[in-house]
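# Tertiary structure, described
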Amino acid sequence: MEEQGHMKTIIELFDSEQLNNIALHLFFHEARIVYIGSKNVMTKRRIRALSRFFESRGCSWTPEFIEVERYDIPGIISAAESVLTGDPECLLDITGGDEPTLVAMGILSERHRIPLVQVNLRSGSLYQVFGSPVNLPMLVPMTVSQLALLYGGCLIRSDDTELATTELLRDDVRGLWRLCQYDRGFLNRAAAQLNLMADYTNELNVDTRGSGFQMTESARSVIKKLNRAGYLKMLYCGVEGLRFTYRSKEIKKLLNKGGMTLEVLTRIAAEDSGVFTDVRQGVVLDWDGVIETQYPVETRNEADVILLRGMTPIFISCKSGSVKREALYELEVVAERFGGKYAEKVLICSHLSGTTAANASLRRRAKDMGITLIENVCSMSLEELSKELSKLR
């Protein structure tokens, strides 16, 4: 068997789970792929998504698709042999497929002495099942954007492009999080008060003087606290109202959404762990991959943080305030749509503020849904959160 650089063709058994269809490609990314599958599984939507995925990977080849009858084992073998005729140096992948196609590949492998391989997506390991030794290469990981394409959607935008990780951002997030550690609800209250002043905001400047805006004592307290911490610069605070300026556009973005600081903290903690191959935060995903302009009514989902650990997608919901059951269902929907059965689901919360019984019920429901709960992050440092995230697989 030739080495990775000279590997020409992979015969794949088309599977309803898209990650199974591209697992071996992540190792042998230069080899063309020929898919064999039945019509009810190898749908036009899945074929189109795969084609877009490979295009995004910069592949110089185009995937091929051979349709067979599901229970016609001789027909499946014949289809695979037609591929072997053009390229005897093939690799048979049995990561996906159903019973008839797996039986067919076993017969084909024995008949032609073709190596069989399988990928364990949970561990990211590649195993040779049968045949002469194959040079097993290193994985070339995909991105979150490519993951969205694979499942027929697309990544529209993400907040990490506007809030790139810098030492200044890291220090600001740490500082804001310390405020939350002393007062768990502070950042949510701050966002609520600052959003009330949206009509009096011009870029980084806020001026409510002479507007008739009713300033509550709570709002004054929030603004003064942020001023003392250096995130705002107070220019006037008196009977006529308030005038202040945000220190930077990044600070404004962090403060105007209550959960943004926890999202960015989680992203930085994931980056610091060094175990994830891609980290995106504040992600907006389109379900069908077609951005409507004339009639912009389409199904979209938001994910606070999406991580990739090798081939495993991890979807994280961040809650800095109260946590309701609906948050679990929202997380499940987006994870299953864009990660299938291999998706890991995580809910990170500053604390559970319900009654003892309500909190216990939420924990049970999360466990039943396969959702990992990381609680009380208000008491964690950035390093401690990074360590918790590194345990996710």
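Presented here is an overview of the structure given in this document. (Residues numbered from 1 in each chain as written. Predicted model: local features only at pLDDT ≥ 70, side-chain atom pairs only at ≥ 80, totals over all residues. Heavy atoms only, no water.)

### Description of the overall build of the chain
Spelled out, the test is: Helix numbering and strand numbering both begin at the N terminus, where a helix is a DSSP run of H or I of at least 4 residues and a strand a DSSP run of E of at least 2. Only protein chains enter the area calculation, which uses a 1.4 Å probe; residues under 20% of their type maximum are buried, those over 50% are exposed, and those in between are partly exposed. All accessible-area figures derive from a Shrake-Rupley calculation using a 1.4 Å probe, and residue coverage is judged against the displayed protein chains alone. As used throughout, the charge tally considers Lys and Arg to be positive and Asp and Glu to be negative, leaving His and the chain termini uncounted. Charge positions are represented by NZ for Lys, CZ for Arg, CG for Asp and CD for Glu.
Along the backbone of the chain there are 13 helices and 16 strands. Seen along its three principal axes, the alpha-carbon backbone of the chain occupies a region of about 90 × 50 × 35 Å. Here the chain holds 393 residues, and 52% of them are scored as buried. Surface exposure of the chain reaches about 18200 Å², of which carbon and sulfur atoms provide 48%. Each charge sign in the chain was given a centre, from 48 positive and 51 negative side chains, and these centres are 7 Å apart.

### Comments concerning the sheet that holds strand E3 (residues 64-67)
The condition is simple: Note on pairing: DSSP must find at least two bridges between two strands before they are called paired. Between N-to-C directions, angles span 0 to 180 degrees; the directions come from axes that are lines fitted to C-alpha atoms, helices contributing only their stretch in contact.
Judged by pairing direction, the sheet is mixed, and its six strands sit side by side in the order E3-E2-E1-E4-E5-E6 without closing on themselves. Unpaired on one side and paired on the other, E3 and strand E6 (125-130) mark the two borders of the sheet. Going from strand to strand, the sheet's axes swing by 30 degrees on average, the running direction of each strand aside. Pairing of strand E1 (residues 9-13) with strand E2 (residues 32-37), which is carried by five bridges, proceeds in the parallel orientation. From the neighbouring strand, glutamate 12 faces E2, where its bridge partner is tyrosine 35.

### A few points about the sheet that holds strand E11 (residues 241-246)
Quick reminder of the rule: The contact definition used throughout considers only heavy atoms, calling two residues in contact when any of these lie within 4.5 Å.
Taking strand neighbours across the sheet as the criterion, the four strands line up as E8-E9-E11-E10 in an open arrangement whose pairing is antiparallel. Each end of this open sheet is capped by a strand with a single partner; those strands are strand E8 (201-202) and strand E10 (232-238). Relative to E11, E10 runs antiparallel, the two sharing six bridges. Its bridge partner being in E11, methionine 234 is matched across the sheet by phenylalanine 244. Against the sheet, helix H8 (residues 217-229) engages E10 and E11, with an angle of about 140 degrees to E10.

### Observations regarding the pairing of strand E12 (residues 278-286)
Burial within E12 is extensive, with nine of its nine residues counted as buried. Across four bridges, the pairing between strand E7 (residues 154-158) and E12 is antiparallel. Within E12, the residue paired with arginine 157 across the bridge is valine 284.

### A word on the side chain of asparagine 20
In this fold, asparagine 20 is placed in helix H1 (residues 18-22). A relative accessible area of 3% means that asparagine 20 is categorised as buried. Apart from residues no more than four positions distant in its own chain, asparagine 20 is found in contact with Glu12, Asp15, Asp93, Thr95, Gly96, Leu121, Lys341 and Tyr342.

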